[in-house]
Amino acid sequence: MAKEKTVFSCNECGGTSPKWLGKCPHCNAWNTLIESVAQSDAPAKNRFASLAKTAEVAVLSDIEASDVERTPTGHEELDRVLGGGMVEGGVVLIGGDPGIGKSTLLLQALDSLQRSGKNTLYVTGEESGAQVALRSRRLGLDHSQVRVLAEIQLEKILATLEAHRPDVAVIDSIQTVYSEQLTSAPGSVAQVRECAAHLTRAAKASGTAIVLVGHVTKEGALAGPRVLEHMVDTVLYFEGDTHSQFRLVRAIKNRFGAVNEIGVFAMTEKGLKGVSNPSAIFLSQHAEPVPGSCVMVTLEGTRPLLVEIQALVDSGGPSPRRLSVGLDKDRLAMLLAVLHRHAGVACMDQDVFINAVGGVRIGEPAADLAVMLSITSSLRGKPLPKGFIAFGEVGLAGEVRPAPRGQERLKEAAKLGFSVAVVPKANAPKKPIEGMTIHAVDRVEEAMNVVRGLG
Ligand code: TYD
Ligand code: MG
């Protein structure tokens, strides 16, 4: 018998090579080639042909473009990240750590869609129908009419989609689905890519909105080739730590809406519940101000969130540690250097720990000023004043740069009872904000002086 031919395909771009290489010849990524079984060309050749429609070349302005119609899922926070709801023929990929609540949220969403008269299908490859039923009881979804199919073979799933024509279908998860056309195992690069491509085509052809659940690797990326993210219309990620009650769903790609929008949920006994006013959930409760704590206002998507940044500066050994949770570590090193050079605050022989409360991840540089102020507060052992907030990006030259939409941030803080703010000069409001004293600063040393004057 002839030896089975193997090819090596890239995890990142999906490109192939006949032999193993350290570096992918297509996208130059290192260590991404994985062996898989080569597929014979014969059946592969026309696999996509049946669905491909030929279209005439048309002038852009002549093409009828109606606004996409959205079907709200009945869960406001989910609709927010989806950009209003499910779109006909749209494909959504939703990723996240195991146990974070992907299956729970989607089952809840399907149930409310079904109750609003939509035809839904839940395809499960990870759990049996009985397990899904058990979960739905636990969620309190009595007499749910959601159709369930426990199946992992792509061709059967496609046939069911064709036969039932659901408005919305969930595939939980794409890594468990396999196609008969390929011999490689479910979850392999080739299978995931092939199955996602077919499901996407089926969605576009039939108008069914499909949600694919994707696993996340140890590194935090979606397992399977990155091309999966290119194929779909919307990519959502679940984040937040599984030990805390709150979960964030973030849109990182959306062809039908804004990206970086977040939805906030709380995991309860009866599944995930939307948190419609999340601005204060990432504050810890101190009766009196404590040293090393500074509240900042971050703007994720359209809503400002108040997040407490905590710092602990403690005398370290010969090689002091710098650790950050929820904030960028390199940025912390940079801020410590700026603090030393421009404000004369030295932490060279100190351990520095930084934490964003509640497992929230802050990517925006507007956290800089709050990080610096919490570090100096911890170093001096002096708390910041009661009701204090700060935000603003800090540059290497010691300048304080404005954060986008500063007014909104200040207004939200004022609404929650914060009364003193240190902000970049360009963010200073023209009209005073009631109940809030605002100190606008241009430079880091100025910010330090203001805070010293307040204490
Ligand atoms: P699940 O939705 O199965 O996660 P995923 O599909 O992302 O792997 O995760 C559910 C987790 O949430 C599980 O650890 C139990 C918990 N949970 C609740 O706290 N309340 C509930 O009502 C349900 C259904 C689950
Ligand atoms: Mg699951």
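None of the values given here were measured: they were computed from a predicted structure.

Chemist: Help me understand unusual backbone geometry in this model?
Modeler: One can expect most non-glycine residues to show negative phi and most peptide bonds to be in trans. The omega angle of the peptide bond from Asp172 to Ser173 is 0°, so this bond is cis rather than trans. Structurally, the position occupied by Ser173 is in the loop between β9 (168-172) and α6 (189-206). Look at Asn28: it is not a glycine, yet its phi comes out positive at around 65°. Considering the arrangement of structural elements, one finds Asn28 in the loop between β2 (16-17) and β3 (33-37).

Chemist: It is not clear to me how the packing of helix α3 (residues 102-115) against helix α4 (residues 129-138) should be interpreted in this structure. Could you clarify?
Modeler: Each pair of packed helices can be summarised by the angle the axes make with each other and by the distance between the axes. Where α3 meets α4, the closest approach of the two axes is 11 Å, and the angle between their N-to-C directions is 75°. Judged on the interaxial angle alone, α4 and α3 are roughly perpendicular. Seen from α3, the contacting residues are Ser103, Thr104 and Leu107; seen from α4, they are Val132, Arg135 and Ser136. Residues that form the contact of α3 with α4 fall into these classes: two nonpolar, three polar and one charged.

Chemist: How do you make sense of the sheet that holds strand β11 (residues 234-239) when you look at a structure like this?
Modeler: Two orientations exist for strands paired in a sheet by backbone hydrogen bonds: parallel and antiparallel. Strand order in the open sheet formed by nine strands is β8-β7-β9-β10-β6-β11-β12-β13-β14, with mixed pairing between adjacent strands. A single partner strand is all that each edge strand has here, and the edge strands are β8 (147-150) and β14 (271-274). Taken over all neighbouring pairs, the strand axes of this sheet differ in orientation by 25° on average, direction set aside. Across the face of the sheet, α6 comes into contact with β6 (91-96), β9 and β10 (209-215) while running at roughly 160° to β10.

Chemist: Is there a simple way to explain the site of ligand 1 in this structure?
Modeler: What surrounds ligand 1 is a group of 16 residues, the closest being Gly99, Lys102, Ser103, Thr104 and Gly271. At 2.9 Å from an oxygen atom of ligand 1 is found a main-chain nitrogen or oxygen belonging to Glu269. In the complex, 76% of the free accessible area of ligand 1, which totals 560 Å², lies under the protein chains. Every element with two or more residues in the shell around ligand 1 is listed here: α3, α4 and β13 (262-268). Here the element with the most residues in the shell around ligand 1 is α3; it accounts for three residues. Looking at side-chain class alone, the shell around ligand 1 contains four nonpolar, six polar and six charged residues.

Chemist: What am I meant to see in the nonpolar core here?
Modeler: In summary, soluble globular proteins display a tendency toward joint burial of nonpolar side chains. With 61 residues, the main nonpolar core has Ile309, Ile354, Val371, Leu373, Ile375, Phe388 and Ile389 as its most contacted residues. Filtering out sequence-adjacent residues up to four positions away, Val371 remains in contact with Ile309, Leu327, Leu332, Leu335 and Ile354. The next biggest cluster of nonpolar side chains, apart from the first, holds 29 residues, and it includes Leu82, Ile100, Val168 and Phe265.

Chemist: Explain the pattern of salt bridges here, please?
Modeler: Between side chains of opposite charge, a pair can form when the charged atoms approach closely. Under the counting rule described, the total for this entry stands at 18 salt bridges. Residue Glu412 is joined to Lys415 by a salt bridge in which the shortest nitrogen-to-oxygen separation is 3.4 Å. Of this pair, Glu412 and Lys415 both sit in helix α10 (residues 406-415), separated by three residues, roughly a single helical turn. Glu412 sits in the buried class, given a relative accessible area of 10%. Residue Lys415 is classed as exposed on the basis of its relative accessible area of 63%. Its salt-bridge partner being Lys425, residue Glu446 comes within 4.0 Å of it at the nearest N-O pair. Here Glu446 is found in helix α11 (residues 444-454), whereas its partner Lys425 is found in the loop between β22 (420-424) and β23 (437-441), with 21 residues between them in sequence.

Cut-offs applied
Residues numbered from 1 in each chain as written. Chains lettered and ligands numbered in written order. Predicted model: local features only at pLDDT ≥ 70, side-chain atom pairs only at ≥ 80, totals over all residues. Heavy atoms only, no water. Helix = DSSP H or I, 4+ residues; strand = E, 2+ residues; numbered from the N terminus. Axes fitted to C-alpha atoms, helices over the stretch in contact; angles between N-to-C directions. Parallel < 35°, antiparallel > 145°, perpendicular 65-115°, else oblique. Contact = heavy atoms within 4.5 Å. Nonpolar A, V, L, I, M, F, W, Y, C, P; charged D, E, K, R; others polar. Pairing = 2+ DSSP bridges. Near = heavy atom within 4 Å. Polar contact = N/O pair within 3.5 Å; in protein donor to acceptor, adjacent residues only side chain to side chain. Areas by Shrake-Rupley, 256 points an atom, 1.4 Å probe, with all protein chains shown as cover. Core = buried A, V, L, I, M, F, W, Y, C linked by side-chain atoms within 4.5 Å. Buried < 20%, exposed > 50% of the residue type's maximum accessible area, 1.4 Å probe, protein only. Salt bridge = Lys/Arg side-chain N within 4 Å of Asp/Glu carboxyl O.

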